[in-house]
2 protein chains.
Amino acid sequence: HLISLAAAALALALVTPAIAQQQGPSKAEQMIKYRQAGFGWLAYNIGPIGAMAKGTIPFDAKVVERNAATMAAIAPRLLEGFPEGSGSGARTEARPEIWTDMADFRAKMGDLERATADLAVASRSGDMKVIGPALGKVGGACKSCHDKFRKKD
Amino acid sequence: HLISLAAAALALALVTPAIAQQQGPSKAEQMIKYRQAGFGWLAYNIGPIGAMAKGTIPFDAKVVERNAATMAAIAPRLLEGFPEGSGSGARTEARPEIWTDMADFRAKMGDLERATADLAVASRSGDMKVIGPALGKVGGACKSCHDKFRKKD
């Protein structure tokens, strides 16, 4: 047991991100990077599904299922990337309304979580007629939240 | 059907990352950012599990299970972040050996994938005596790959 704890401690030391070792970035900056990384993965994963829906790349059921599963795993973990005080500290498109209207932000994040879970289920159909509407709902959840809570370019 | 495709196309347009719209970063830079985002999420998620194993924060079975599940979802998606030609183009700790010895890199990524899957299973035990060794194996997979394929500071 002690050995396994020591192994775990060693494991932690080995993988602790450089970000922490440099004792540099603030907690706010770390959280901004964390959530941006998650949104980046969402975008990376939805991109090919959208392109397949549009017909610009060939339909590949395995890629849709794989990407949708990743999105469904990431979406529920985004809300924790917006703790109080993380509205500044690095370049961010987060609007202050996130923290002044957290109940609505939380609800919209819940919509995204459900939409990505539904897309993951739909993806298993292997049928773009089922996947398309589920994809549309994910896009709708993105847009609804961006409109209110993301800074315009 | 046409409406659902249109909705999907709209969804895609809405969520297409700013990164693509600016027609700025190279494909290599995009892949470097993608894989770094994934590793960042791994580190973010393993951190608390390691701290619980060390006893520096209280054991919370739900957090362990949640974080381990996220790690198991991300690990299998990292290899695609290392396409040929993505060894430079942005700040990266990736060593050229990744591409000159891809078979071994791929094998080590497979070790990580299996270790995170095993940790996700172990996490459901709610027992640190089961979780600790599984965590140690994840750390071992990280270290084994870092030793050979990541640049030293």
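What comes next concerns the included structure. Computed from a prediction, not measured in an experiment: that's the story for all the values here.

1. Points about the overall build of chain A
Secondary structure summary: chain A contains seven helices and zero strands in total. Going from N to C terminus, chain A has its helices and strands arranged as α-α-α-α-α-α-α. Residues classed as buried in chain A amount to 42% of the 153 residues present. Of the roughly 7,500 Å² of accessible surface on chain A, 58% is carried by carbon and sulfur atoms.

2. Things to note about the packing of aromatic side chains
Pairs of aromatic rings are described using the distance from one ring centre to the other and the angle between the two planes. If you walk through the whole model with that rule in mind, you get 12 aromatic pairs over all chains. Centre to centre, the rings of Tyr34(A) and Trp41(B) are 4.5 Å apart; their planes meet at 15°, and the pair counts as stacked. Placement of Tyr34(A) in helix 3 (residues 27-54) and of Trp41(B) in helix 3 (residues 27-54) is noted, with the two residues assigned to different chains. Both residues of the pair, Tyr34(A) and Trp41(B), count as buried. With centroids separated by 5.1 Å and ring planes inclined at 80°, the aromatic side chains of Phe105(A) and Phe149(A) adopt a geometry described as edge-to-face. Of this pair, Phe105(A) sits in helix 6 (residues 102-123) while Phe149(A) sits in helix 7 (residues 128-149); the two residues are 44 residues apart in sequence, bridging distant segments of the chain. By relative accessible area, which is 2% here, Phe149(A) ends up buried. By way of ring pairs, the aromatic residues Phe39(A), Phe82(A), Trp99(A), Phe105(A) and Phe149(A) are connected into one cluster.

How each quantity is defined
Residues numbered from 1 in each chain as written. Chains lettered and ligands numbered in written order. Predicted model: local features only at pLDDT ≥ 70, side-chain atom pairs only at ≥ 80, totals over all residues. Heavy atoms only, no water. Helix = DSSP H or I, 4+ residues; strand = E, 2+ residues; numbered from the N terminus. Buried < 20%, exposed > 50% of the residue type's maximum accessible area, 1.4 Å probe, protein only. Areas by Shrake-Rupley, 256 points an atom, 1.4 Å probe, with all protein chains shown as cover. Phe/Tyr/Trp six-rings, centres within 6.5 Å; stacked < 30°, edge-to-face > 60°.

By themselves, these are just geometric observations and shouldn't be taken as functional.
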